[in-house]
Amino acid sequence: MITLRHFNKKDIPQLRNSMFIGKTDEEIISVLNKWDTLELNGRYSEFFAVLHGECVVGYVSLYQHNDYIISAGPEIFSEYRRKGYAYAALRQAYDYAKSRGYKIATAQVRKNNIASIKLHEKLGFILDCEMINRHGNEVYIYIKLL
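Colleague: Any details on the overall build of the protein chain? Residues and values, ideally.
Modeller: Scanning the protein chain from terminus to terminus reveals 4 helices and 8 strands. Along the protein chain, helices and strands appear, N-terminal first, in the series β-α-α-β-β-β-β-α-β-α-β-β. In terms of overall size, the protein chain behaves like a compact globule, its C-alpha atoms giving a radius of gyration of 15 Å where 146 residues would be expected to give roughly 15 Å. With respect to the three principal axes, the spread of C-alpha positions in the protein chain is 40 × 35 × 35 Å. The buried share of the protein chain, reckoned over its 146 residues, is 38%. Counting only contacts in the protein chain whose residues sit at least 6 apart along the sequence, the fraction spanning at least 24 positions is 51%.

Colleague: Please set out the pattern of salt bridges residue by residue, giving values where relevant.
Modeller: Two side chains that carry opposite charge are able to pair once their charged atoms sit near each other. Following the criterion strictly, the structure yields 5 salt bridges and no others. A salt bridge links aspartate 11 to arginine 5, with the shortest nitrogen-to-oxygen separation between them at 2.7 Å. A relative accessible area of 6% places aspartate 11 in the buried class. A residue is classified by how much of its surface remains accessible, and arginine 5, at 27% relative accessible area, is partly exposed. One salt bridge in this structure joins arginine 16 and aspartate 25, with 1.9 Å as the shortest N-O distance. Take arginine 16: its relative accessible area is 28%, and that puts it in the partly exposed class. Of the residues examined, aspartate 25 reaches a relative accessible area of 34% and is grouped as partly exposed. Within the structure, one salt-bridge network assembled from shared partners comprises Lys111, Glu130 and Glu138.

Colleague: Hey, could you go over the layout of surface pockets for me, with residue numbers and the actual values?
Modeller: One number sums up the size of the largest pocket: a volume of about 1600 Å³. Looking at the largest pocket, it is lined by 45 residues, and the ones nearest its centre are Ala72, Gly73, Pro74, Gln108 and Ser116. Classifying every residue of the lining of the largest pocket gives 19 nonpolar, 15 polar and 11 charged. Within this model, the second largest pocket holds a volume of roughly 150 Å³. Residue assignment for the lining of the second largest pocket shows that the elements contributing at least two residues are helix H3 (85-99) and strand E8 (138-145). By residue number, the principal contributor to the lining of the second largest pocket is H3, which donates 6 residues. Each residue belonging to the lining of the second largest pocket can be placed in one class, and the counts come to 6 nonpolar, no polar and 5 charged.

Parameters and conventions
Residues numbered from 1 in each chain as written. Predicted model: local features only at pLDDT ≥ 70, side-chain atom pairs only at ≥ 80, totals over all residues. Heavy atoms only, no water. Helix = DSSP H or I, 4+ residues; strand = E, 2+ residues; numbered from the N terminus. Rg over C-alpha atoms; globule rule 2.2 N^0.38 Å. Buried < 20%, exposed > 50% of the residue type's maximum accessible area, 1.4 Å probe, protein only. Contact = heavy atoms within 4.5 Å. Salt bridge = Lys/Arg side-chain N within 4 Å of Asp/Glu carboxyl O. 1 Å grid on protein atoms, 1.4 Å probe; cavity = no way out; pocket = protein on both sides within 12 Å on 5 of 7 lines; lining within 4 Å. Points joined across faces, edges and corners; volume = space filled by probe spheres on them. Nonpolar A, V, L, I, M, F, W, Y, C, P; charged D, E, K, R; others polar.

Take a look at the structure:
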């Protein structure tokens, strides 16, 4: 069973091994403190640990685009992929976003990321358009009513 919760100081060893390689405890705590503000670039943003039992297997973040549109960014650590964790985590994250009043979810997926394309289609997203993002990557834009 997958659950979501905020990261805390007990997660520092896992974070150092998976996300913040080479970072000190103080640097990681600084990031955790930023996540606790629930804000990024002046908009709502929330960061969750994805847990299988007591084990952190990845993370998912929510980011507000406007008063009714939200996106989620999942990352499952490589050793835990292909087990359905991203699907379960995103379902929970979008249910949570819906409970906060968001109506539409959007996702930007690289055109060559077949796993993410399949994941978003399984979650009920539909392809809206194609574009080149600000990093120069060809991406699909998916949307879904929450």
